[in-house]
Amino acid sequence: MMAKYERTTNIASVVIYDSKCPYCSTVTKWLKRTRDLGALSWHENTAQNFLKAQFNYSPFAMFLVVPSESKIYAGPDAARELCERARLPELFGRLVEHEYHKISKTASLLSNRKQPLDKIEGEFPLNANSLSLLDDLFYEAWTLPFEE
């Protein structure tokens with residue numbers, strides 16, 4: 001479990017990720033380069049409740065919740081969007097998006113993760129049920145100190 005850090009700014013988006021996966025946990029490096037991004041483990045009850053409200057089940061994948069756009073990015077789209085927001089080279093973002101499922105399978109093998117990744121991907125509008133849980137999601141998300 002990652003430690004929570006005191007917030008110095010309000011966060012504008014939250015990434016939901018598998019904190020038990022080494023590949024997914026590298027998101028902390030991206031967070032340090034993204035000023036207004038928080039994170040929450042997929043395994044937390046708050047994340048589970050939010051995903052069930054949005055999708056009627058809790059798909060196992062990476063998500064990026066962006067209320068200002070009224071949308072949630074899923075799977076490879078979330079990974080690409082995180083790369084863009086961290087100002088990583090565009091080529092890197094496209095590569096991560098394209099190879100998301102292969103990278104995740106490899107990470108599962110290396111980390112002995114038994115739960116298969118759901119094939120969910122794309123951008124989805126936030127629905128009324130998930131919008132009602134945004135405050136809880138953002139409250140529980142943790143942040144890291146920003147690094148240039």
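Look a little higher up for the structure.
As the structure is a prediction and not an experimental result, all values here were calculated from the model. (Residues numbered from 1 in each chain as written. Predicted model: local features only at pLDDT ≥ 70, side-chain atom pairs only at ≥ 80, totals over all residues. Heavy atoms only, no water.)

1. Considerations on the pattern of salt bridges
To be explicit about the condition: By definition, a salt bridge exists where a carboxyl oxygen of Asp or Glu is found within 4 Å of a side-chain nitrogen of Lys or Arg. In DSSP terms, a helix is any run of H or I states spanning at least four residues, a strand is any run of E spanning at least two, and both are numbered starting from the N terminus.
Inspection of every chain in the model, using the stated rule, returns 7 salt bridges. The shortest N-O distance in the salt bridge between Glu123 and Lys71 comes to 2.9 Å. With Glu123 in strand S5 (residues 122–125) and Lys71 in strand S4 (residues 71–74), this residue pair connects regions lying 52 residues apart in the sequence.

2. Focus on the environment of Leu131
What counts is decided by this rule: Using a 1.4 Å probe on the protein chains alone, a residue whose accessible area is under 20% of its type maximum counts as buried, one over 50% counts as exposed, and one in between counts as partly exposed.
Positionally, Leu131 belongs in helix H6 (residues 128–131). According to the relative accessible area criterion, Leu131 is partly exposed, its value standing at 42%. Linking Leu131 and Gln54, residues 77 residues apart in sequence, is a C-alpha distance of 8.4 Å.

3. Regarding the sheet that holds S4
Applicable threshold: Strands were regarded as paired on the criterion that DSSP finds at least two bridges between them. All axes here are fitted lines through C-alpha atoms, helices being fitted over the stretch that makes contact, and every angle between N-to-C directions spans 0 to 180 degrees. Residues count as neighbours in contact if any of their non-hydrogen atoms are within 4.5 Å of one another.
Strand order across the open sheet formed by 5 strands is S2-S1-S3-S4-S5, with mixed pairing between neighbours. Lying at the two open borders of the sheet, with one neighbouring strand each, are strand S2 (37–41) and S5. With strand direction ignored, the average angle separating the axes of adjacent strands in the sheet is 20 degrees. As defined by bridge partners, strand S3 (residues 63–66) adjoins S4 across 4 bridges and the pair is classed as antiparallel. The residue bridging Leu64 from the neighbouring strand is Tyr73, located in S4. Taken strand by strand, helix H3 (residues 45–55) contacts strand S1 (13–17), S2, S3, S4 and S5, and its axis lies near 105 degrees from that of S4.

4. Some thoughts on the packing of aromatic side chains
Stated precisely, the cut-off is as follows: Centres within 6.5 Å make a pair out of two Phe, Tyr or Trp rings, where for Trp the six-membered ring is used; the pair is then stacked when the planes are under 30 degrees apart, edge-to-face when over 60, and tilted otherwise.
Within the structure shown, the criterion is met by 3 aromatic pairs. Between Phe55 and Phe63 the ring centres are 5.6 Å apart and the planes differ by 35 degrees, which places this aromatic pair in the tilted class. Here Phe55 matches Phe63 in class, with each residue buried. The interplanar angle of 90 degrees and the centroid separation of 5.2 Å between the aromatic rings of Phe55 and Phe124 together place this pair among those described as edge-to-face. Taken together, the residues span a long stretch of sequence, with Phe55 in helix H3 and Phe124 in strand S5 at a distance of 69 residues.

5. So, helix H4 (residues 76–85)
Of all 10 residues in H4, 8 are buried; the element is thus mostly enclosed. Of all the residues in H4, the buried ones are Pro76, Asp77, Ala78, Ala79, Arg80, Glu81, Leu82 and Cys83. Downstream of H4 by a residue or two, Arg87 has a phi angle that is positive, lying close to 60 degrees.

6. Some thoughts on H3
For H3, the complete set of buried residues consists of Ala47, Gln48, Phe50, Leu51, Ala53, Gln54 and Phe55. Just beyond H3, the residue with positive phi is Asn56, at close to 70 degrees.

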